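Spelled out from the first residue to the last, the chains are:
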Amino acid sequence: MSGPLRVATRGSALARWQAERVVARLQDCLGDRGAELVVIETTGDQRADEPLHAIGGTGVFVKEVQAAVLAGQADVAVHSAKDLPAQSFPGLVLAAIPERADPRDALVGSTLADLPTGAVVATGSVRRRAQLAHLRPDLGFAELRGNIHTRLERAAGFAAIVVAAAALDRLDLSSRIAERLDPAVMVPQVAQGALAVECRVDDQATLAQLQTINDPTAERAVVAERAFLAELGSGCSLPIGAYAQIEGADVVITGILSSYDGRVVYRETVRDERAVVAGQTLAGALSQFAGVLA
């Protein structure tokens, strides 16, 4: 191969960090070839003031990045795995899930217990909002979008904001975290804390390189969570979340399905050696409640 490996990424500080992390992990494979970032602006970046659910939800941060790889502008795409739709993008393959960072949600500004009655918490996630409302029906909520630094700048206007703990850890901003919410308290978004690296299906050389940085444990957990999303989430507009852990030979995955207002939250846990089956079984167990909540 000639020329540097071209890595497509969004332009935010977090996205660049993630892309550079992948490049660093690939250094032994790349040798003198090196790598360069190809920065792509996505729909989610262009419409940063609008709620995610209003502009298409899952996929608004990745489609243009994926298109750049398919068009030959880049060789590799690096994403936050939680931004990927459940179905693979035609022509691309999910080649690697590197080691997973902290999957938990984090409160900035206050712990959950210290939030006063009627406090306003800002988040752009219906999943986070529903689960917090279930735990604390007295809370009010406000919309919050933008990159991590933008959200932190706006944090002073609310009692607390909710962001992914991994994002703050990666940007050396973990000192801003008031509380990391245990998955037993708030089930994370599917694949939260993980990175996803894609390349073209027919680019076997790049695929082989990317597979050297794949983490089998992180991959099994993310595969289970994405199977849950594919089975339930593709036809479900309700707040959902799932988190899988590896216990011995088993994948243990917990998921939630909630009403928008958080008054009703269904939670189930499934254990299976087969990651995809675990996720699909969990989706089946929760899907029976979708009609009740709709």
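Residues numbered from 1 in each chain as written. Predicted model: local features only at pLDDT ≥ 70, side-chain atom pairs only at ≥ 80, totals over all residues. Heavy atoms only, no water.

1. Quick notes on the overall build of the protein chain
Part 1 of the reasoning: Looking only at helices and strands, one finds 11 helices and 13 strands in the protein chain.
Part 2 of the reasoning: Since a compact globule built from 294 residues should have a radius of gyration of about 19 Å, the 19 Å found for the protein chain is in line with a globular shape.
Part 3 of the reasoning: Out of the 294 residues belonging to the protein chain, those deemed buried represent 52%.
Part 4 of the reasoning: Pairs at least 24 residues apart make up 67% of the contacts formed inside the protein chain by residues separated by at least 6 positions.
Part 5 of the reasoning: Taking the average place of the 28 positive charges on the side chains of the protein chain and the average place of its 35 negative ones, the gap between the two points comes to 3 Å. (Helix = DSSP H or I, 4+ residues; strand = E, 2+ residues; numbered from the N terminus. Rg over C-alpha atoms; globule rule 2.2 N^0.38 Å. Buried < 20%, exposed > 50% of the residue type's maximum accessible area, 1.4 Å probe, protein only. Contact = heavy atoms within 4.5 Å. Lys, Arg positive; Asp, Glu negative; His and termini not counted. Charge placed at Lys NZ, Arg CZ, Asp CG, Glu CD.)

2. Considerations on the sheet that holds strand 2 (residues 35-39)
Part 1 of the reasoning: Here 5 strands make up an open sheet; going across it, the order is 2-1-3-10-4 and the pairing mixed. The open sheet is flanked by strand 2 and strand 4 (92-96), the only strands paired with a single partner. Mean inter-strand twist for the sheet, computed between neighbouring axes without regard to direction, equals 35 degrees.
Part 2 of the reasoning: Both strand 3 (residues 76-80) and strand 10 (residues 195-200) contribute to a ladder of 5 bridges, which runs antiparallel. Across the sheet, residue histidine 79 finds its bridge partner in strand 10, namely alanine 196.
Part 3 of the reasoning: Along the sheet, helix 4 (residues 63-70) makes contact with strand 1 (5-9), strand 3, strand 4 and strand 10, crossing strand 3 at roughly 165 degrees. (Pairing = 2+ DSSP bridges. Axes fitted to C-alpha atoms, helices over the stretch in contact; angles between N-to-C directions.)

3. Re the packing of aromatic side chains
Part 1 of the reasoning: Applying the stated criterion across every chain yields a total of 1 aromatic pair.
Part 2 of the reasoning: Between tyrosine 266 and phenylalanine 289, the ring centres sit 3.9 Å apart and the planes meet at 5 degrees, which makes this aromatic pair stacked. Here the residue tyrosine 266 occupies a position in strand 13 (residues 265-272), and phenylalanine 289 occupies one in the loop between helix 10 (275-287) and helix 11 (290-293), the gap between them amounting to 23 residues.
Part 3 of the reasoning: The exposure class of tyrosine 266 is partly exposed, given its relative accessible area of 22%. (Phe/Tyr/Trp six-rings, centres within 6.5 Å; stacked < 30°, edge-to-face > 60°.)

4. Quick word on the pairing of strand 12 (residues 250-258)
Part 1 of the reasoning: When you tally the buried positions in strand 12, you get 9 out of 9 residues, the bulk of the element.
Part 2 of the reasoning: Across the two faces of strand 12 the burial is the same, with Asp250, Val252, Thr254, Ile256 and Ser258 and Val251, Ile253, Gly255 and Leu257 all buried.
Part 3 of the reasoning: Summarising the sheet, strand 11 (residues 240-247) and strand 12 pair through 8 bridges and their orientation is antiparallel. In the sheet register, tyrosine 243 faces strand 12, and the bridge partner there is threonine 254.
Part 4 of the reasoning: Linking two consecutive strands that pair antiparallel, namely strand 11 and strand 12, is a turn of 2 residues; a positive phi of about 65 degrees is found at glycine 248 within it.
Part 5 of the reasoning: The pairing of strand 12 with strand 13 spans 8 bridges and is antiparallel. Across the sheet, threonine 254 pairs through a bridge with threonine 269, a residue of strand 13.
Part 6 of the reasoning: Hairpin remark: strand 12 followed by strand 13, antiparallel, with 6 residues in the connecting loop; positive phi at glycine 262, about 75 degrees.

5. Comments concerning the pairing of strand 1
Part 1 of the reasoning: Here strand 1 lies mainly inside the structure; 4 of its 5 residues are buried.
Part 2 of the reasoning: As paired strands, strand 1 and strand 3 are joined by 2 bridges and run parallel to one another. Bridge pairing links valine 7 to valine 76 in strand 3.

6. As for helix 4
Part 1 of the reasoning: Of all the positions in helix 4, only Val65, Gln66, Ala68 and Val69 are classed as buried. For helix 4, the buried positions fall inside an angular range of 155 degrees around the axis, keeping them on one side.
Part 2 of the reasoning: Residues of helix 4 that are buried make contact with strand 1, strand 3, strand 4 and strand 10.
Part 3 of the reasoning: Once helix 4 ends, the next one or two residues include glycine 72, with phi positive near 85 degrees. (Arc of directions from axis to C-beta.)

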